[in-house]
Each structure stands twice: as structure tokens, then as C-alpha cells.
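Descriptive structure summary
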Amino acid sequence: MKITVGVKALNEEAHIRDALTSALAAVAPFGGEVVLADSGSTDRTLEIARTLPVRIVQLANLDERCCGAGAQLAFQSARGEFFYLLDGDMVLQPGFLEAGIRHLEQHPDVAGVGGLVREVNTEGEGFQIRAQTVARDRNWLPGIVDRLDCGGLYRTAAVREAGWFADRNLHAFEEFDLAARLRARGWKLARIDHAAVDHFGHQAGGYRLLLRRIRSGYSGATGEILRGALGKPHLPIVLRMGHVRAGAIVVLWWLALLAALVTLQGWLLLALIVLPVAFLSVRRRSLRLGLYSLAAWNVSALGLVSGFFRKRTPPARALAARELTTPSPAAE
């Protein structure tokens, strides 16, 4: 089989039909397959998926539910020479898979290729900042990149060489972890000038989203990815990760605040509070977004510490899963 599109989902009834329909249209020219990897949805996600010619697999142990487990479940169920991971709140754009496969076939040293991403939801502070990042960060622009956030098309053989697609322990940053392991083995990643996906995201305010990330364990992914890299060839790459560095800086900032408080250095305490707010406000071109960035950095730093000490399951161990459908003739 030429290609598999894996769609990971948890309670995505609002967008899952569009996501699956776009994936089916994308694989049709190749006779490929679409696999829905469900992490225990309790809404109409599965009901909607069963009306479409897709394979459905579900995580057997819902205690293992996290972003990394959902992505890995999709990959371990795939049969294609190439693999694309799509979130249940994304729509795959026409023609991208053709362009991506052509690029990979023309560049044998490239393990994965992404395209241009359009952020549809920019209501919350977090997604407004993300939209700013997409517009200027080189990793979101065409060319050789460090990672493929928001989905990528990968050579299945290259991923297997790197061990696994997504670390089943990660609550986020599974794309970065995969990229680090691939790059440590000499592979390159690229982004091409072709529309890839529309991303809808969660319709939630920024601070509500931060609270959700703390409760779900998402915020601890910074520590989880660092813990998983210890003693591995990709550790130097992970240490250069922006979230890891930012988390370490915030921890040092906490220590400086504590020292200023203990020594009763009021002017230093005030400066340590005002300067980060000013810096981030200028960087985000908004006091509101600057304050949100400071809150997000603190959440990330807490996650760096808490995630590092979380119990881990060997990431190469296969996830237990239930096949809820048999392969549809239309997908063969």
C-alpha cells in the first residue's frame, strides 16, 4: 500500500467528518487507507466515523490516553509505505499528498515533509500567539526545518529506523520528539510551499486552555520529552528545544524571585516582575498577550519539573488496541 493517513481523535464530533472525508479524498489517487485512532471518545465521533469507509482502532487501556499514545496507535495500525498523521480537528488540503510524495521520492535524504498550515481559530490568546509564530518562524516556512508541527508526511521505513512514531508517554510535542530522533540519525525534514492543513483547534479562552493543559497532563510534556532523551543520541537536540530552555529560564527566575524576597531587596523583586512582562509584551506587541505568555511560560516550567519525574512505559512497547471495524473494500 502506498500511503496511510492516520487520524487521531478524542471527542472530535465537530470536525471529524470533514477530517476523515478530506483524508479519504487525499488517499484515493493512491488506493491508500485511512485509519481513525480513537482514544475513547464519548461523543458522536465513532458514530460519524462508522458511516465512512475507514478503519477504526481504539485504545484498549484508556489510562494510557495521551497525545503520544493516540499518534502511535495510528502509526502501529498503518500499512502504507508513507504515513501522514492528521488530528481530528484538521482538514487535509487537496493535492498535498501528491506534492509531498513527489518531494520525498526526489529527495532520498528527507524523512518527512510538511506543508503550509492555516490556523482557523485565533480567538484565544494561545492561538493568537501561535498564528503569529506560524507567520514568522522558519520552521513554518518552506525549506529544511527542525520539526514538522501540525502534521507531516513520513517515510514509514525511516520512522521504524528511529524506533517508533510517537513516544506513547508524551502528552504533547510528539512531532518534535520524532524529529529529534530522525535528525540524530542523519535524516532531514522539509516544508514545501503547498497548503497542507486547516487547523481549527479548541474554541476556548487562553487561560481556560492553560488550565485544561495542566489538568490533562499536557503541560508536563516538556519534562517528559527531556526525560525520554536522557542517554540517547538526540539529547543535544532536545536540550536546544525552545520550551526546555524557556522552562529552565523560568525556574532560574523563580530562584531569583525567592532570593530577592528572602533578602528583602524590594527594588530587585519589582524589576524581576516588571522586566519579563515588558519584554514579552513588546515581543507579542500586546500587553494582554505578554501577560498570557508569562503565564504560559510558568505553566511550561511547572511541567518541565513535574513531567520529568512521571513514570514511563517503554515507548517501543506496542499499545493494546481494539479493531472496531474491518478494512472497508472502498479503502483497499
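Attention in this report is confined to the structure presented alongside it.

Each value, and the rule that gives it
- Residues numbered from 1 in each chain as written.
- Predicted model: local features only at pLDDT ≥ 70, side-chain atom pairs only at ≥ 80, totals over all residues.
- Heavy atoms only, no water.
- Buried < 20%, exposed > 50% of the residue type's maximum accessible area, 1.4 Å probe, protein only.
- Helix = DSSP H or I, 4+ residues; strand = E, 2+ residues; numbered from the N terminus.
- Pairing = 2+ DSSP bridges.
- Patch = residues over 30% accessible without salt bridge, like charges linked within 9 Å, V, L, I, M, F, W, Y side chains within 5 Å.
- Areas by Shrake-Rupley, 256 points an atom, 1.4 Å probe, with all protein chains shown as cover.
- Salt bridge = Lys/Arg side-chain N within 4 Å of Asp/Glu carboxyl O.
- Phe/Tyr/Trp six-rings, centres within 6.5 Å; stacked < 30°, edge-to-face > 60°.
- 1 Å grid on protein atoms, 1.4 Å probe; cavity = no way out; pocket = protein on both sides within 12 Å on 5 of 7 lines; lining within 4 Å.
- Points joined across faces, edges and corners; volume = space filled by probe spheres on them.
- Nonpolar A, V, L, I, M, F, W, Y, C, P; charged D, E, K, R; others polar.
- Expected span 1.5 Å × (residues − 1).
- Polar contact = N/O pair within 3.5 Å; in protein donor to acceptor, adjacent residues only side chain to side chain.

**What to know about the pairing of strand 4 (residues 82-87)**
Counting buried residues along strand 4, six of its six residues qualify, which places the element largely inside the surrounding structure. Along strand 4, one buried face is formed by Phe82, Tyr84 and Leu86 and the opposite face, lined by Phe83, Leu85 and Asp87, is buried too. Bridge count between strand 1 (residues 3-9) and strand 4: six bridges; the pairing is parallel. Each residue of the ladder has a partner; that of Val5, found in strand 4, is Tyr84. Pairing of strand 4 with strand 8 (residues 153-155), which is carried by three bridges, proceeds in the antiparallel orientation. Of the residues in strand 8, the one forming a bridge with Phe83 is Tyr154.

**Side note on a nonpolar patch on the surface**
Together, Tyr207, Leu287 and Leu291 line one region of the surface with nonpolar side chains, adding up to about 300 Å² of accessible area. One can find Tyr207 in helix 8 (residues 206-216). Overall, Tyr207 belongs to the partly exposed group, its relative accessible area being 43%.

**Describing the packing of aromatic side chains**
Enumeration according to the criterion identifies seven aromatic pairs in this entry. On the basis of an interplanar angle of 85° and a centroid distance of 5.2 Å, the ring pair of Phe75 and Phe83 is categorised as edge-to-face. Just as Phe75 is buried, Phe83 falls in that class too. Look at Phe83 and Phe165: their rings are 5.1 Å apart centre to centre, the planes differ by 75°, and that puts the pair in the edge-to-face class. Of this pair, Phe83 sits in strand 4 while Phe165 sits in the loop between helix 6 (156-161) and helix 7 (174-184), and the two are 82 residues apart along the sequence. For the residue pair Phe83 and Phe165, the accessibility class agrees, reading buried in each case. Ring pairing ties together the aromatic residues Phe75, Phe83, Tyr154 and Phe165, which thus form one cluster.

**Re empty space enclosed by the protein**
Under the criterion given, the structure shown has one cavity of 30 Å³ or more. Reported here for the largest cavity is a volume of approximately 60 Å³. In this structure, the largest cavity is lined by Leu85, Asp87, Met90, Cys150, Gly151, Gly152, Tyr154, Phe165 and Glu175. Looking at the lining of the largest cavity residue by residue, the class counts come to five nonpolar, two polar and two charged.

**Here's the deal with the pairing of strand 9 (residues 188-199)**
Relative to strand 9, strand 5 (residues 90-92) runs antiparallel, the two sharing three bridges. Looking at the pairing, Met90 lines up with His199 of strand 9. As judged from the eight bridges shared by strand 6 (residues 110-119) and strand 9, these two strands associate in the parallel manner. Within the sheet, the bridge partner assigned to Leu116 lies in strand 9 and is Ala195.

**Describing helix 13 (residues 287-308)**
An ideal rise of 1.5 Å per residue puts 32 Å on 22 residues; helix 13 measures up with 31 Å between its terminal C-alpha atoms. Within helix 13, burial applies to Leu289, Gly290, Tyr292, Ser293, Leu294, Asn298, Val299, Ser300, Ala301, Gly303, Leu304 and Gly307. Two to three positions downstream of the cap, the backbone nitrogen of Arg288 sits 3.3 Å from a side-chain oxygen, assigning the N-cap of helix 13 to Ser286.

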